[in-house]
Structure formats: C-alpha cells, structure tokens
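Summary of the model geometry
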2 protein chains.
Amino acid sequence: MITLDWEKANGLITTVVQDATTKQVLMVAYMNQESLAKTMATGETWFWSRSRKTLWHKGATSGNIQTVKTIAVDCDADTLLVTVDPAGPACHTGHISCFYRHYPEGKDLT
Amino acid sequence: MITLDWEKANGLITTVVQDATTKQVLMVAYMNQESLAKTMATGETWFWSRSRKTLWHKGATSGNIQTVKTIAVDCDADTLLVTVDPAGPACHTGHISCFYRHYPEGKDLT
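Residues numbered from 1 in each chain as written. Chains lettered and ligands numbered in written order. Predicted model: local features only at pLDDT ≥ 70, side-chain atom pairs only at ≥ 80, totals over all residues. Heavy atoms only, no water.

Once that is clear, we can look at the environment of B:Asn64. All names here are of chain B. Position of asparagine 64 relative to the elements: it lies in the loop between β4 (54-57) and β5 (66-73). Sequence separation of asparagine 64 and arginine 50 is 14 residues, and the distance between their C-alpha atoms is 20 Å. Beyond its immediate stretch of four places on either side in the chain, asparagine 64 contacts Lys58, Gly59, Ala87, Gly88 and Pro89. At a separation of 3.2 Å, a polar atom in the side chain of asparagine 64 contacts the main-chain carbonyl oxygen of proline 89. (Helix = DSSP H or I, 4+ residues; strand = E, 2+ residues; numbered from the N terminus. Contact = heavy atoms within 4.5 Å. Polar contact = N/O pair within 3.5 Å; in protein donor to acceptor, adjacent residues only side chain to side chain.)

Set out below in structure tokens:
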C-alpha cells in the first residue's frame, strides 16, 4: 500500500484530472485526506477548495459530476492522477477543460 | 496576454507535463518565473526544484530532454499544461511517466 506524502504541501495532494477516454487534461485541484476518502468511497471526485476552505464535491452544483475510473500516484507520492468520465464540462466557464487558453497569448485553444 | 498568478503558491506555478502525441500525463513539477522564461526561450522544459532549491533543466543529466510543443494556462491562471515530445522516460525510475503505480495498492500500471 502507498503512503502519500501529506506533509510536503501542508496536508494537500495536488491532483490532475484527466478524461479517461479522450485523455484530455481537464483540471488540477487539491485533495486533503477527507476529500480523498470521499472520492474513494463514492467513486466521484471531491476536492479541498483552498480559497473557500471547504470540501467541494465536483459537480454538486453544476451537475457535472466526475466518475472516477482510475487513480495513479507519482514516484514521490505527493501527486495523484485521476482519470474520470465527466458528466459535462470541467470548467466553470463552460469549457470542457480548464486549460482552454494558450499561454502567453491567451487565445482560446480549439 | 495572460498574467499568471504567482502569488497563490509563493512564486511557483504548478505545471502538468503531457506527452503531445500519446496524451499520457508524464509528471507534475513547479516553475518559478525564471524557469518559465528559460522554458519559453529554449523550447525545452525547465523547472524549480522545491527540495534542492535550484533551477532544473529536465534531461540535463539523463538526456531525456522534453521539447515543448504547446503551453496552456488554466482558468484561474495558477497552473500550466505543457505538452512535450520527450526524448526518453520522464521518471527517474526509468518509467515513461512518474504516474506508474495504482493508488492505493501500489501495483505497477501496465
């Protein structure tokens, strides 16, 4: 069993969310131990909102739930990669992915 | 032009590195302003090592340089997604991706 390194980032694990089918990277968010436990128990993504300082069930408001397909951990056990089947766009802007703009120009990616 | 939010994580931007061809997520690392400038100038990935507190040219030792294809920024401008053509494995363990283990069992992904 893997022991995650919760100490490196003050109790948070950086989490990359990727579409299990298209392989598009949808978003990056943060999990604390409680949100990871809820993700494992429910099979849907839960995060910790750093700005609102609350647990956050992805899609609870928008309906765009993310159903977890696989969870992988990186070599130093401080980051997770979660593949999901999303019920709708990941981004609050309505884009499929939060990474919808080129850097640095800011033009939308097609 | 996009202004990145360098303040949210003490001068660092979380960076997801994805294979431009296979779409496999290879690693997550951190850039400060200098490493992002070097990445943009050279077309190869440079990061900031949080543990060693040094700039880090990916592949400088191993030869496994990552040639940058695209850079995207997320909706709140605190995370980058860099797609690359990697010259070899991203992980120091020799795995193509640092995300080579299932969580929580730890079994290798095939």
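Okay, unusual backbone geometry next. Trans is the common state for peptide bonds, and a negative phi is the common state for residues other than glycine. Residue and element names in this part refer to chain A. Cis geometry is adopted by the peptide bond preceding proline 104, which originates at tyrosine 103 and carries an omega value of 5°. The topology assignment puts proline 104 in the segment after β7 (101-102). Located in the positive-phi region is lysine 53, a residue other than glycine, with phi close to 55°. Here lysine 53 is to be found in the loop between β3 (46-49) and β4 (54-57). Overall, lysine 53 belongs to the exposed group, its relative accessible area being 58%. (Buried < 20%, exposed > 50% of the residue type's maximum accessible area, 1.4 Å probe, protein only.)

Least-squares fitting of chain A to chain B yields an RMSD of 0.0 Å, with the transformation described by 0.0 Å of translation along the axis and a rotation of 180°. Within this description, the copies of the chain are treated as partners about a two-fold rotation axis. Within chain A, A:Lys23 has its C-alpha nearest the rotation axis, a separation of 2.9 Å. A share of 100% of the interface residues of chain A reappears at the interface of chain B, consistent with the copies meeting face to face through the same patch. (Least-squares fit on C-alpha atoms with pLDDT ≥ 70 in both.)

We now examine helix α1 (residues 33-42) of chain B. Residues and elements named next belong to chain B. Buried residues of α1: Ser35, Leu36 and Thr39, and no others. Viewed along the axis of α1, the buried residues span an arc of 100°, placing them on a single side of the element. Of the residues in α1, the exposed ones pointing more than 90 degrees away from the buried face are Gln33 and Ala41. Here the buried face of α1 lies against β2 (25-31), β3 (46-49), β4, β5 and β6 (79-86). The positive-phi residue at the C-terminal boundary of α1 is glycine 43, with phi of around 75°. (Arc of directions from axis to C-beta.)

Annotation from UniProt places "binding site: Zn(2+)" at A:Cys75, A:Cys91 and A:Cys98. For the residues just named, distributed over 24 residues, the greatest C-alpha separation reaches 28.0 Å, placing them at more than one site. Tracing the chain through its elements places A:Cys91 in the loop between β6 (79-86) and β7. Excluding residues within four positions of it along the chain, A:Cys91 makes contact with A:Ile96, A:Ser97, A:Cys98, A:Tyr100 and B:Cys75. Not counting residues within four places of it along the chain, the set of residues in contact with A:Cys98 comprises A:Leu26, A:Met27, A:Ala90, A:Cys91, B:Val73, B:Asp74 and B:Cys75. (UniProt positions renumbered as here; feature names shortened; annotations may be inferred.)

Moving on to the interface of chain A and chain B. At the interface, 37 residues of chain A touch 37 residues of chain B. Both sides of the chain A and chain B interface together cover about 3200 Å² of buried area, and 67% of this is carbon and sulfur. Between the two partners, chain A and chain B, sit two salt bridges. Between B:Arg50 and A:Asp78 there is a salt bridge, and its shortest N-O distance comes to 3.2 Å. Taken together, the links from chain A to chain B amount to 18 residue pairs in polar contact (both at pLDDT 80 or more). For the side of chain A that touches chain B, the secondary-structure elements that each account for two or more residues are β1 (13-19), β2 (25-31), α1 (33-42), β5 (66-73), β6 and β7 of chain A. Bridge count between β7(A) and β5(B): two bridges; the pairing is antiparallel. If you follow A:Arg101 over to β5(B), its bridge partner there is B:Val73. (Buried area = accessible area lost by both parts, 1.4 Å probe. Salt bridge = Lys/Arg side-chain N within 4 Å of Asp/Glu carboxyl O. Pairing = 2+ DSSP bridges.)

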